[in-house]
Amino acid sequence: MKVGVPKEIKTHEYRVGLTPGAVREYVAAGHTVVLETNAGVGIGAADQDYRKTGATILDSAHEVFASSEMIVKVKEPQPSEWALLNENQILFTYLHLAPDPQQAKGLMQSGCTAVAYETVSDAHGGLPLLAPMSEVAGRLAIEAAGAALKRYAGGRGLLIGGVPGVQPARIVVVGGGVVGTHAARMAAGLGAEITILDRSISRLRELDELFEGRVRTRFSTIQAVEEEVFAADVVIGAVLVPGASAPKLVTRSMLSSMRKGSVIVDVAIDQGGCFETSRPTTHSDPTYEVDGVVHYCVANMPGAVPLTSSHALNNATLPFGLALANRGLAAVLDDPHLRAGLNVHRGRLTYRAVAESLGLPFSPIEQAAA
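Residues numbered from 1 in each chain as written. Predicted model: local features only at pLDDT ≥ 70, side-chain atom pairs only at ≥ 80, totals over all residues. Heavy atoms only, no water.

## Brief notes about the pairing of strand β5 (residues 90–93)
Residues Ile 90 and Phe 92 of β5 are buried on one face, and the alternating residues Leu 91 and Thr 93, pointing to the opposite face, are buried as well. Both strand β4 (residues 70–72) and β5 contribute to a ladder of 3 bridges, which runs parallel. In the sheet register, Val 72 faces β5, and the bridge partner there is Phe 92. With 4 bridges connecting them, β5 and strand β6 (residues 113–116) associate as parallel partners. Looking at β6, one finds that Ile 90 is bridged to Thr 113. Once the chain exits β5 it traverses helix α5 (residues 101–110) before rejoining the sheet at β6, and the crossover so formed is right-handed. (Buried < 20%, exposed > 50% of the residue type's maximum accessible area, 1.4 Å probe, protein only. Helix = DSSP H or I, 4+ residues; strand = E, 2+ residues; numbered from the N terminus. Pairing = 2+ DSSP bridges. Right-handed = clockwise from strand over helix to strand, strands pointing away.)

Structural data, given as structure tokens:
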């Protein structure tokens, strides 16, 4: 199969769909790989590095899309890229369609087969292609919170870990999954006071054992969320409902009771955000204030550390990408985990949670492929 990698064009997105090492694996498996010039510059990989692995460099994204049977990206395609897709192509990337009806309709109109990293599953019920970026985003969330807490940034002027004799920041993590766990790990390392909220008792037990009492765990109810958020210096939104829009757990009315200069970091913003006042921001303008509360809602947080992120992502996506390149749609039909990643096929939405979030018809793959 001919596999194409365009340069990412989302604001301050420096990751790349395939690293030179991943390209070498595709070429060794008998596939042809073409990249847009400078696609890997964000991770320090020059065109010549890719040529050494057997790839061909093309001058424009238009050429890459026109000559490829499968497109491998990192972030969701932008409007200029929707127009370049066609019904004979497979798109393999993050999509996050639930809060993005325009992108969903653009992909449906293109007729392409779109497989989303964030809904590919594994035998353990996990999301193996979302996990590495969740790990990165969870860790970055604490760095972002620390910067936003500084007085010149609008925050309370608080050091996350405090110093001897001075109380550290109180950090509340809403959601005990991969993002929440890694955020708590970073915060604990800095000496913060941490509470994790989750609705799974079994997961709370696991977290209690993992952190050996270093963090507080609390079952998530409306009252528990209110109490913890009102007392927090930082709230990390780490809620995930696979494929669907994130539930709004912190309302606008709650902000008036939060400490002025406190910080919200909404890692769930790719799925619409779990705070009612969240809206996507960029690395160039990452924060804004609502009712005196600083909001950090960058929609591509791992893009700030593209070298780490691209390699972590490629380690996870490589076997699935090779399966798609080897067998095309047949790989999706035969592998339940890849099938879980299929969001769009020939103009139809094939992931139920996405269809329900957008209020559009859902078509099982068997029906869509008929």
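Having seen the model, we can carry on.
## Let's talk about the side chain of Asp 198
Looking at where Asp 198 falls in the secondary structure, it is placed in strand β8 (residues 193–198). Of the side chains with opposite charge, Arg 203 lies nearest to the buried Asp 198, which makes no salt bridge, at 6.0 Å. Sequence-distant contacts of Asp 198, defined by excluding residues within four places in its chain, comprise Gly 175, Gly 176, Gly 177, Arg 203, Leu 204, Arg 218, Phe 219 and Ser 220. (Lys, Arg positive; Asp, Glu negative; His and termini not counted. Salt bridge = Lys/Arg side-chain N within 4 Å of Asp/Glu carboxyl O. Contact = heavy atoms within 4.5 Å.)

## Regarding the environment of Arg 214
Relative to the helices and strands, Arg 214 resides in the loop between α8 (201–211) and β9 (216–219). With relative accessibility at 37%, the residue Arg 214 sits in the partly exposed group. Placed 28 residues apart in sequence, Arg 214 and Pro 242 show a C-alpha to C-alpha distance of 29 Å. With residues up to four places along the chain from it excluded, the contact list for Arg 214 reads Ala 188, Gly 191 and Ala 192.

## Section: the pairing of strand β14 (residues 342–345)
The side chains of a regular strand alternate, residue by residue, between the two faces of the sheet. As paired elements, β6 and β14 share 3 bridges and run antiparallel to each other. For Val 115, the partnering residue across the bridge sits in β14 and is Leu 342. Where β14 lies against strand β15 (residues 348–349), 2 bridges are found, and the strand directions are antiparallel. The residue of β15 that forms the bridge with His 345 is Arg 348. The hairpin formed by β14 and β15 contains 2 residues between the paired strands, and Arg 346 there has a positive phi angle of roughly 50°.

## Looking at the packing of aromatic side chains
Evaluated as defined, the whole model comprises 2 aromatic pairs. Taken together, the aromatic side chains of Phe 92, Tyr 94 and Tyr 117 make up a single cluster linked through ring pairs. The ring of Tyr 288 is capped by Arg 279, whose NZ or CZ atom sits 3.8 Å from the centre of that ring. (Phe/Tyr/Trp six-rings, centres within 6.5 Å; stacked < 30°, edge-to-face > 60°. Lys NZ or Arg CZ within 6 Å of the ring centre and 35° of its normal.)

## Focus: helix α9 (residues 222–231)
Two residues of an α-helix separated by three or four positions point the same way, owing to the 3.6 residues in each turn. All of the buried residues in α9 are Ala 224, Val 225, Glu 228, Val 229 and Ala 231. Buried residues belonging to α9 abut β7 (170–174), β8, β9, β10 (234–237) and α10 (252–255).

## As for the nonpolar core
Ranked by size, the top nonpolar core spans 74 residues in total, and within it Leu 18, Tyr 26, Leu 35, Tyr 50, Ile 171, Ile 194 and Ile 236 carry the most contacts. If you tally residues by element for this core, the top one is helix α6 (residues 131–148), at 9 residues. If we ignore the near neighbours within four places in the chain, the residues touching Leu 18 are Val 3, Val 5, Val 23, Tyr 26, Val 33, Tyr 50, Val 72 and Asn 314. (Core = buried A, V, L, I, M, F, W, Y, C linked by side-chain atoms within 4.5 Å.)

## Here we look at unusual backbone geometry
Unusually for a residue other than glycine, His 96 sits at a positive phi of about 50°. Structurally, His 96 is set in the loop between β5 and α5. On the basis of relative accessibility, which here comes to 8%, the residue His 96 falls in the buried class. At Asp 291, a position not held by glycine, the phi torsion is positive, near 55°. Inspection of the secondary structure puts Asp 291 in the loop between β12 (287–290) and β13 (293–296). For Asp 291, a relative accessible area of 33% gives the class partly exposed.

## Structural notes on the sheet that holds β9
Spatial ordering of the open sheet is given by β9-β8-β7-β10-β11-β13-β12, a layout of 7 strands whose pairing is mixed. On the outer flanks of this sheet lie β9 and β12, each paired with one strand and no other. Going across the sheet, the axis of each strand differs from the next one's by a mean of 20°, ignoring polarity. Helix-sheet contacts for α9 involve β7, β8, β9 and β10, and the interaxial angle to β9 is about 145°. (Axes fitted to C-alpha atoms, helices over the stretch in contact; angles between N-to-C directions.)

## Some thoughts on the sheet that holds strand β3 (residues 56–58)
Taking strand neighbours across the sheet as the criterion, the 8 strands line up as β3-β2-β1-β4-β5-β6-β14-β15 in an open arrangement whose pairing is mixed. The open sheet has two free edges, formed respectively by β3 and β15, since each of these has just one partner strand. Sheet strands in contact with helix α1 (residues 20–28) are β1 (2–5), β2 (32–36) and β4, and its direction is about 150° off that of β2.

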